[in-house]
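Each chain is listed here by its residues.
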Amino acid sequence: TRSLTITSDDQSMFEKAQGEKVTLPCAFELSEEDEGPLDIEWVLIPADNQKREQIIIMYTVDRIYNHYYAATTGRMQFTNLDPKSGDGSLDILNLKAADTGTYQCKVKKAPGVQSKKIQLTVLVKPARTKCSIEGSQEIGKDVTLKCMSQEGSPLLSYDWRRVSGTQNLPAISMLNKNTGELLLKNASREYSGTYNCVASNRVGTDECSVELNVTPPVNTAGIITGAIIGTLLGLSVLCSLIFCCCKKHREKKYEKEVHHDIREDVPPPKSRSSTARSYIGSNRSSLGSMSPSNMEGYTKTPYSQVPSEDFERAPPQNPTFAPSKVAAPNLSRMGAVPVMIPAQSKDGSIV
């Protein structure tokens, strides 16, 4: 008994670039025995068998439902606006890498049921490819040209070509198409020029360029000597600055100490012994002008001890001692009278 059949070609694998559009075919034919309602479903089969299939779009009872899968909302649609005409193909717009997976078309019209699986792979074109040079660009040295794409689905392939001069790669060169490295051994001036790298995969290409300039070896001995001399000069300048700072600091410290010290040209304070001598000397001069009658008060004064500094204070009033009232005319009336001059003994007493 003839029943519903899917008539699409046998292509079951599609490879597209990110951002492009793909049409997954699902054409079918109905038979007279198929009398039930027509149902067309597109489901996404996850790579993990533990997960359930996800319906992404469906046609049933003359109506389209496409809100089941949020990741594809607005990007998926039936190719034919009237799928019951026999075309249940699916269009996916603005492809993304996440759209990679297995899609299945199911067509039901009782008693007929048919399905078809299609594998879709969304590839990313190479992008943001960068070129660089590794190694010393000196004559006789080995130089490596590197090329790497920041984006792009595997498998990426790299190819180098020279775009200046002879436009041929040096004879002594080794290219690794998988890593994008080009090794130039024993470089010479003839190696100088512009090199171009092309990164490619099944859906696109991207490229970058680099300029190689091979020069004679640098005089490393002169550079080292200059560096040593410069270092020594810098150290000498630094030491000079430190010495000046220390000297200035010492000068400031010395000035501060001198400011707080006692000046050497100021005479020292009088001692007690000098005070006592000055006191005794003054009394001697006073006694020399006194009469014997006025000596009575002084003979009673003890001089067994050296007067202290407190003796310089004003002495208390003594009614029997008034040296300031003794005058020379009193002595003339008495005639020639011998005067006794007090003297100081070793122990400090008056004799």
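Looking at an unreviewed UniProt entry, one finds the protein chain named CXAR protein, with Edolisoma coerulescens as its source organism.

Peer 1: Explain the sheet that holds strand 9 (residues 90–92) to me, using residue names and the numbers behind them.
Peer 2: Read across the sheet, 3 strands follow the order 3-9-8 without closing on themselves; strand pairing throughout is antiparallel. Both edges of this open sheet fall to strand 3 (22–24) and strand 8 (76–78), since each of them pairs with a single strand only. Averaged over all pairs of adjacent strands, the angle between their axes in this sheet comes to 25°, without regard to strand direction. Pairing geometry for strand 3 and strand 9, over 3 bridges, is antiparallel. Each bridged residue has a counterpart across the sheet, and for Leu-24 the counterpart in strand 9 is Leu-90.

Peer 1: Go over the pattern of salt bridges, please, and point to the residues and values.
Peer 2: In the structure shown here, the tally under the stated rule is 10 salt bridges. A salt bridge links Lys-185 to Asp-142, with the shortest nitrogen-to-oxygen separation between them at 3.4 Å. In this pair, Lys-185 is assigned in the loop between strand 16 (181–184) and strand 17 (193–201) and Asp-142 in the loop between strand 12 (127–134) and strand 13 (143–151), connecting sequence segments 43 residues apart. For Lys-185, a relative accessible area of 32% gives the class partly exposed. With relative accessibility at 39%, the residue Asp-142 sits in the partly exposed group. Among the ionic pairs, Asp-159 bridges to Lys-177, the shortest N-O distance being 3.5 Å. Of the two residues, Asp-159 is situated in strand 14 (residues 157–162) and Lys-177 in the loop between strand 15 (173–176) and strand 16; the sequence distance between them amounts to 18 residues. Asp-159 sits in the partly exposed class, given a relative accessible area of 36%. When salt bridges that share partners are traced, they join Glu-134, Lys-146 and Glu-181 into one network.

Peer 1: Talk me through the side chain of Asp-34; I want residue IDs and the actual numbers.
Peer 2: In this structure, Asp-34 sits in the loop between strand 4 (28–29) and strand 5 (39–45). Classification of Asp-34 by relative accessible area gives buried; the value is 5%. Looking at Asp-34, its side chain comes within polar contact range of the main-chain nitrogen of Leu-4, at 3.0 Å. The residues contacting Asp-34, other than those within four sequence positions of it, are Ser-3, Leu-4, Lys-109, Ala-110, Pro-111 and Gly-112.

Peer 1: Kindly report on the nonpolar core, identifying the contributing residues and their values.
Peer 2: The tendency in soluble globular proteins is for nonpolar side chains to be buried as a group. Judged by nonpolar contacts, the single largest core of 25 residues is most densely connected at Leu-24, Trp-42, Ile-56, Leu-90, Ile-92, Tyr-103 and Leu-120. Counting residues per element, the ones that place at least two in this core are strand 3, strand 5, strand 6 (54–60), strand 8, strand 9, strand 10 (101–109) and strand 11 (112–123). Discounting residues that sit within four places of it in the chain, Ile-92 has contacts with Glu-20, Lys-21, Val-22, Leu-24, Arg-75, Met-76, Asp-99, Tyr-103 and Leu-120. Grouped together as the second largest cluster of nonpolar side chains are 18 residues, Cys-131, Val-143, Tyr-158 and Ala-187 included.

Peer 1: Break down the pairing of strand 14 for me, with residues and values.
Peer 2: Only one face of strand 14 is buried: it carries Tyr-158, Trp-160 and Arg-162, and the other face, with Ser-157, Asp-159 and Arg-161, is open. Here strand 14 pairs with strand 17 via 6 bridges, running antiparallel. Residue pairing for strand 17: Tyr-158 is matched across the bridge by Ala-199.

Peer 1: Break down the pairing of strand 15 for me, citing the residues and quoting the values.
Peer 2: Note that strand 15 and strand 16 share 4 bridges and pair antiparallel. When the bridges of strand 16 are listed, Asn-176 appears paired with Glu-181. Counting the residues between successive antiparallel strands, the hairpin from strand 15 to strand 16 contains 4 residues, one of them, Gly-180, with a positive phi of roughly 80°.

Peer 1: Please give an account of the sheet that holds strand 10 that cites residues and values.
Peer 2: As a general point, the strands of a sheet are linked pairwise by backbone hydrogen bonds and lie either parallel or antiparallel. Ordered in space as 2-11-10-5-6-7, the 6 strands form an open sheet in which the pairing is mixed. The sheet is open, and its two borders are formed by strand 2 (13–17) and strand 7 (63–65), each paired with just one other strand. Strand-to-strand twist of the sheet, defined as the mean angle between neighbouring strand axes without regard to direction, takes the value 20°. Bridging between strand 5 and strand 6 involves 6 bridges; their strand directions are antiparallel. Directly across from Trp-42, in strand 6, lies its bridge partner Ile-57.

About the criteria used
Residues numbered from 1 in each chain as written. Predicted model: local features only at pLDDT ≥ 70, side-chain atom pairs only at ≥ 80, totals over all residues. Heavy atoms only, no water. Pairing = 2+ DSSP bridges. Helix = DSSP H or I, 4+ residues; strand = E, 2+ residues; numbered from the N terminus. Axes fitted to C-alpha atoms, helices over the stretch in contact; angles between N-to-C directions. Salt bridge = Lys/Arg side-chain N within 4 Å of Asp/Glu carboxyl O. Buried < 20%, exposed > 50% of the residue type's maximum accessible area, 1.4 Å probe, protein only. Polar contact = N/O pair within 3.5 Å; in protein donor to acceptor, adjacent residues only side chain to side chain. Contact = heavy atoms within 4.5 Å. Core = buried A, V, L, I, M, F, W, Y, C linked by side-chain atoms within 4.5 Å.

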